[in-house]
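Structural overview
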Amino acid sequence: MTENEKWIELTDSKQLDELDRESEDIPVVIFKHSTSCSISAMAWGRFNRGLESHPEKECKYYYLDLLKYRTISHEISEKYEIRHESPQILIILKGKCIQNASHFDVNFSKVPGY
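Description of the structure in this document. This is a predicted model, so every value here is computed, not measured.

Grouped together as the largest cluster of nonpolar side chains are 16 residues, with contacts concentrated most on Trp 7, Phe 31, Phe 47, Tyr 61, Ile 89 and Val 111. Breaking this core down by element, the ones donating at least two residues are strand S2 (28-33), helix H2 (38-53), strand S3 (60-65) and strand S4 (88-93). With four residues, H2 is the largest single contributor of residues to this core. Ignoring anything within four residues of it in the chain, the contact list for Ile 89 reads Ile 30, Phe 31, Phe 47, Gln 99, Asn 100, Ala 101, Val 106, Asn 107 and Lys 110. One finds Leu 10, Ile 30, Ile 76 and Cys 97 within the second-largest nonpolar core, a separate group that totals 15 residues.

Below, the structure written as structure tokens:
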């Protein structure tokens, strides 16, 4: 599933409410990953290398496997009013998407504070 133990797998839309509560205190990252896409695999690896280089960064990290949980991806798009793309990261703070990036723009530097 994930390379880094910091990732929480997003498998149920009910987790979005928990994620919003967590985002009241710290940024929450959602990584939407298509496991069959080479661009997504590249972005996933690059993001994880950035995460490993900055273990002190206080965030919560959620991973969404788009092939298994496409309906959750659609819920995320509606909830945060962000067009679905893959790969894609969303930065959630205080229940709002404050930043997002897709495809080749997915990078750890998008996380607040970097």
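Once you've had a look at it, read on.
Among the residues of helix H3 (residues 70-80), those classed as buried are Ile 72, Ser 73, Ile 76, Ser 77 and Tyr 80. Taken down its axis, H3 places every buried residue within 145° of arc, on the same side. Seen from the buried face of H3, the exposed residues on the opposite side, beyond 90 degrees, are Thr 71 and Glu 78. Where the residues of H3 are buried, they touch helix H1 (15-22), S2, S3, S4 and strand S5 (96-102). Count one or two residues on from H3 and you reach Glu 81, which has phi positive near 55°.

Our next topic: H2. A rise of 1.5 Å per residue sets the reference length of H2, with its 16 residues, at 22 Å; its end C-alpha atoms lie 23 Å apart and thus fit the reference within 8%. Where H2 is buried, its residues meet strand S1 (7-9), S2, S3 and S4.

Going from Ser 86 to Pro 87, the amide bond is cis rather than trans, its omega being -10°. Secondary-structure assignment places Pro 87 in the loop between H3 and S4. In this model, Lys 94 sits at a positive phi of 55°, which is unusual for a non-glycine residue. Among the structural elements, Lys 94 can be located in the loop between S4 and S5. Overall, Lys 94 belongs to the exposed group, its relative accessible area being 52%. Although it is not a glycine, His 103 sits at a positive phi angle of roughly 50°. Looking at the element boundaries, His 103 is found in the segment after S5.

Within the secondary structure, Gly 45 sits in helix H2. It is 9.7 Å that separates the C-alpha atoms of Gly 45 and Asn 107, two residues lying 62 residues apart in sequence.

Glancing now at the packing of H1 against H3. Between H1 and H3, the least distance of the axes is 11 Å, while the angle of their chain directions is 45°. Here H3 runs oblique to H1, going by the angle between their axes. Crossing handedness for the pair H1 and H3: right-handed. Each of Leu 16, Asp 17, Leu 19 and Asp 20 in H1 lies in contact with H3, whose residues at this interface are Glu 75, Ile 76, Lys 79 and Tyr 80. The residue inventory of the contact of H1 with H3, partitioned by class, reads four nonpolar, no polar and four charged.

Conventions we followed
- Residues numbered from 1 in each chain as written.
- Predicted model: local features only at pLDDT ≥ 70, side-chain atom pairs only at ≥ 80, totals over all residues.
- Heavy atoms only, no water.
- Core = buried A, V, L, I, M, F, W, Y, C linked by side-chain atoms within 4.5 Å.
- Buried < 20%, exposed > 50% of the residue type's maximum accessible area, 1.4 Å probe, protein only.
- Helix = DSSP H or I, 4+ residues; strand = E, 2+ residues; numbered from the N terminus.
- Contact = heavy atoms within 4.5 Å.
- Arc of directions from axis to C-beta.
- Expected span 1.5 Å × (residues − 1).
- Axes fitted to C-alpha atoms, helices over the stretch in contact; angles between N-to-C directions.
- Parallel < 35°, antiparallel > 145°, perpendicular 65-115°, else oblique.
- Left-handed = near helix turned anticlockwise from the far one by under 90°.
- Nonpolar A, V, L, I, M, F, W, Y, C, P; charged D, E, K, R; others polar.

Just geometry here; none of it tells us what the structure is for.
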